[in-house]
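Survey of secondary and tertiary structure
Here is how the chains run, residue by residue.
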Amino acid sequence: MQKHYYIKTYGCQMNVHESEKLAGMLKSLNYEETNDMANADVIVFNTCCIRDAAEQKVLGNIGATKKLKKLNPNLIIAVCGCMAQEKGRAELFKEKYPYVSIVFGTHNLHKFKEYLIEFQNKHQKIYNIWENEKEINEDVEMYRTSNNNAWVNIMYGCNNFCTYCIVPYVRGRERSRLLDDIVSEVKQLINDGYKYITLLGQNVNSYGNDFKDGTNFAKLLTTLAHLDGDFRIKFMTSHPKDLTEEVINVIANEKKLSKVIHLPVQSGSNKILKLMNRNYTVEHYKNLIKLIKSKVPNYFISTDIIVGFPHETEEDFMQTYKLVEDVNYGGVFAFMYSPRTGTVAEKMDEQVPQEIKNERVNKLLALSKKIIKEQNQQLVGKRMEALIEEKTEDGYLATLDCGKNVIITTTEKINLPTFKDVKITGINKNKLIATLCN
Ligand code: SAH
Ligand code: SF4
Ligand code: F3S
């Protein structure tokens, strides 16, 4: 009888892509995907621990599988990802979630297939967390699920130790994939017809630093942008301390590079940035923004912000608010600071009360909403490139470089998917409307 798997993914794009690797391993063992958890023979939780809310969601969802396991004692429940890698978590699963059969971490994700076979043979639970990162494993099966976009890891881990962040503890130190390995994967993806290739790393601008041979992110981007084919390269995430003018120039000058730059600022107060160990000042950040705006046509800048970091006063927060107004971001991801066990900030005094965090996050989100609305209005009349993706009854659905959807009314026949210039003609119920340009 056909066996089925169900993967639940939490957290960032890195995890979304890693779930494609988990799916690849399951497919190679002849499992098929199901959208119904109750119908699965294997359920995998690929977890995130960036904030407490993420962890609570994971624990709640795993808890809910207890009754499925009762109904089907052969059900295999596996937990992996950042939360599994976190200190002490494997023990927690062992003690409190005995119906979980396999627990493994971020450094041994590629071993999942082996663990699954071992469990099926021996029926002994597996708790295997590798303490440290090992060599990058190039030999992974993947089952890509993301339509016209393909994710590509260019580096793993993080060396930055921002004082609030758990990532360096659960993802290990920075290590870059070889340029040739990335190029051959991207070439294959272009051949397979993917239109967006999104390069992934916690800090893509330090790509290649570990090779110490002059390889850097600008070189990687230039190499990829010169490949043949009809595609665009995206990437995330950029750290403001490492984003160079060289990279901004490449983005500005290369047609095949997306003009979307996600540049997390975290705070608009120098005092807070210092406490966060971000290693740049607001002035440095503003200069980068100025450079991007002056050089990159049709730029789209988005950011991450943490409110309520320890010691953040109303004045500090207002500096952040003002910065968001000044930069006029196309997208703001605002989070309430969540203390993470083992990080430096967890032990800082003057933690900010929850009500104040709520208030500040809501203020930022309202501001961002207002800015986005204004920006959408300003798009009307503009000519831009869009990826025409889907046929509708009276036209097509398309996506702009920045990810916004556009509705196009036309009777013209188009081979999908393809990039075309469109002119934004209006907005209807928050949706952008456009016509095709000749
Ligand atoms: N490597 C990326 C993304 C890291 S996680 C970067 O450096 O930007 C994504 C976002 O989660 C961060 O940018 C930060 O805004 C937020 N974040 C990380 N740790 C957090 C914490 N402890 N509490 C609240 N938000 C946090
Ligand atoms: Fe976390 Fe900072 Fe590394 Fe980003 S750069 S993953 S925020 S430690
Ligand atoms: Fe979460 Fe891990 Fe990503 S902690 S945000 S899944 S790197």
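Everything numeric in this text was worked out from a predicted model, so none of it was measured. (Residues numbered from 1 in each chain as written. Chains lettered and ligands numbered in written order. Predicted model: local features only at pLDDT ≥ 70, side-chain atom pairs only at ≥ 80, totals over all residues. Heavy atoms only, no water.)

1. Overview of the packing of aromatic side chains
Taken as a whole and assessed by the stated rule, the structure comprises 12 aromatic pairs. With a centroid separation of 5.7 Å and an interplanar angle of 85 degrees, the aromatic rings of Y196 and F419 are classed as edge-to-face. Here the residue Y196 occupies a position in strand β10 (residues 196–200), and F419 occupies one in strand β18 (residues 418–428), the gap between them amounting to 223 residues. Across the pair, F419 and Y196 agree in class, each one buried. (Phe/Tyr/Trp six-rings, centres within 6.5 Å; stacked < 30°, edge-to-face > 60°. Helix = DSSP H or I, 4+ residues; strand = E, 2+ residues; numbered from the N terminus. Buried < 20%, exposed > 50% of the residue type's maximum accessible area, 1.4 Å probe, protein only.)

2. Focus on the environment of N358
In this structure, N358 sits in helix α14 (residues 354–379). When its relative accessible area of 32% is taken as the criterion, N358 is described as partly exposed.

3. Digging into the site of ligand 2
As a matter of local geometry, ligand 2 sits amid C158, N160, F161, C162, Y164, C165, V167, P168, Q202, H239 and R278. A breakdown of the residues in the shell around ligand 2 according to their chemical character gives seven nonpolar, three polar and one charged. (Near = heavy atom within 4 Å. Nonpolar A, V, L, I, M, F, W, Y, C, P; charged D, E, K, R; others polar.)

4. Observations concerning the sheet that holds strand β7 (residues 149–153)
Reading across from one edge, β7-β10-β11 is the order of the three strands in this open sheet, with parallel pairing throughout. Only two strands of the sheet have a single partner each, and these edge strands are β7 and β11 (232–236). Within the sheet, the average angular offset between the axes of one strand and its neighbour, ignoring direction, is 25 degrees. Two strands pair when backbone bridges link them, and β10 and β11 are joined in this way by five bridges, in the parallel orientation. (Pairing = 2+ DSSP bridges. Axes fitted to C-alpha atoms, helices over the stretch in contact; angles between N-to-C directions.)

5. Comments concerning the pattern of salt bridges
Once their charged atoms are close, side chains differing in charge can pair, the charge on each being opposite to the other. Inspection of the entire model under this criterion finds 24 salt bridges. In this structure, R89 engages E86 in a salt bridge whose closest nitrogen and oxygen atoms are separated by 3.4 Å. Judged on exposure class, the residue R89 and its partner E86 are both buried. The residue E185 makes a salt bridge to R144 at a minimum N-O spacing of 2.6 Å. Residue E185 is located in helix α8 (residues 179–191), and its partner R144 is located in the loop between β6 (126–128) and β7; the two are separated by 41 residues in the primary sequence. In this structure, E185 and R144 share a single accessibility class: buried. Each member of the salt-bridge network shares a partner with another, and the members are E20, E138, R144, R177 and E185. (Salt bridge = Lys/Arg side-chain N within 4 Å of Asp/Glu carboxyl O.)

6. Points about the nonpolar core
Generally speaking, nonpolar side chains in soluble globular proteins are found buried as a group. With 57 residues, the main nonpolar core has I197, L199 and F217 as its most contacted residues. Not counting chain neighbours up to four residues away, the residues in contact with I197 comprise N149, A150, V152, V186, L189, I190, F231, R232, I233 and K234. Counting residues in hydrophobic clusters, the runner-up holds 27 residues, among them Y10, I43, Y97 and Y99. (Core = buried A, V, L, I, M, F, W, Y, C linked by side-chain atoms within 4.5 Å. Contact = heavy atoms within 4.5 Å.)

7. Here we look at the domain arrangement of the protein
Looking at the protein, the domain boundaries give domain 1 (3–128), domain 2 (149–378) and domain 3 (380–436). Computed from C-alpha atoms alone, the centre-to-centre distance between domain 1 and domain 3 is 39 Å. (Domains from an automatic or database assignment.)

8. Some remarks on the pairing of strand β1 (residues 3–9)
Pairing of β1 with strand β2 (residues 31–33), which is carried by three bridges, proceeds in the parallel orientation. Of the residues in β2, the one forming a bridge with K3 is Y31. Each parallel crossover has a hand, and for β1 linked through helix α1 (residues 13–28) to β2 it is right-handed. As defined by bridge partners, β1 adjoins strand β3 (residues 42–47) across five bridges and the pair is classed as parallel. When the bridges of β3 are listed, K8 appears paired with F45. (Right-handed = clockwise from strand over helix to strand, strands pointing away.)

9. A short note on the packing of helix α10 (residues 245–253) against helix α12 (residues 282–295)
Helices that pack against each other are described as a pair by the angle of their axes relative to one another and the distance between those axes. Packing of α10 against α12 leaves a shortest axis separation of 10 Å and a crossing angle of 25 degrees. Taken as axis vectors, α10 and α12 run roughly parallel relative to one another. Relative to α12, the crossing made by α10 is right-handed. Contacts between α10 and α12 pair E245, I248, N249 and A252 from the former with L288, L291, I292 and K295 from the latter. (Parallel < 35°, antiparallel > 145°, perpendicular 65-115°, else oblique. Left-handed = near helix turned anticlockwise from the far one by under 90°.)

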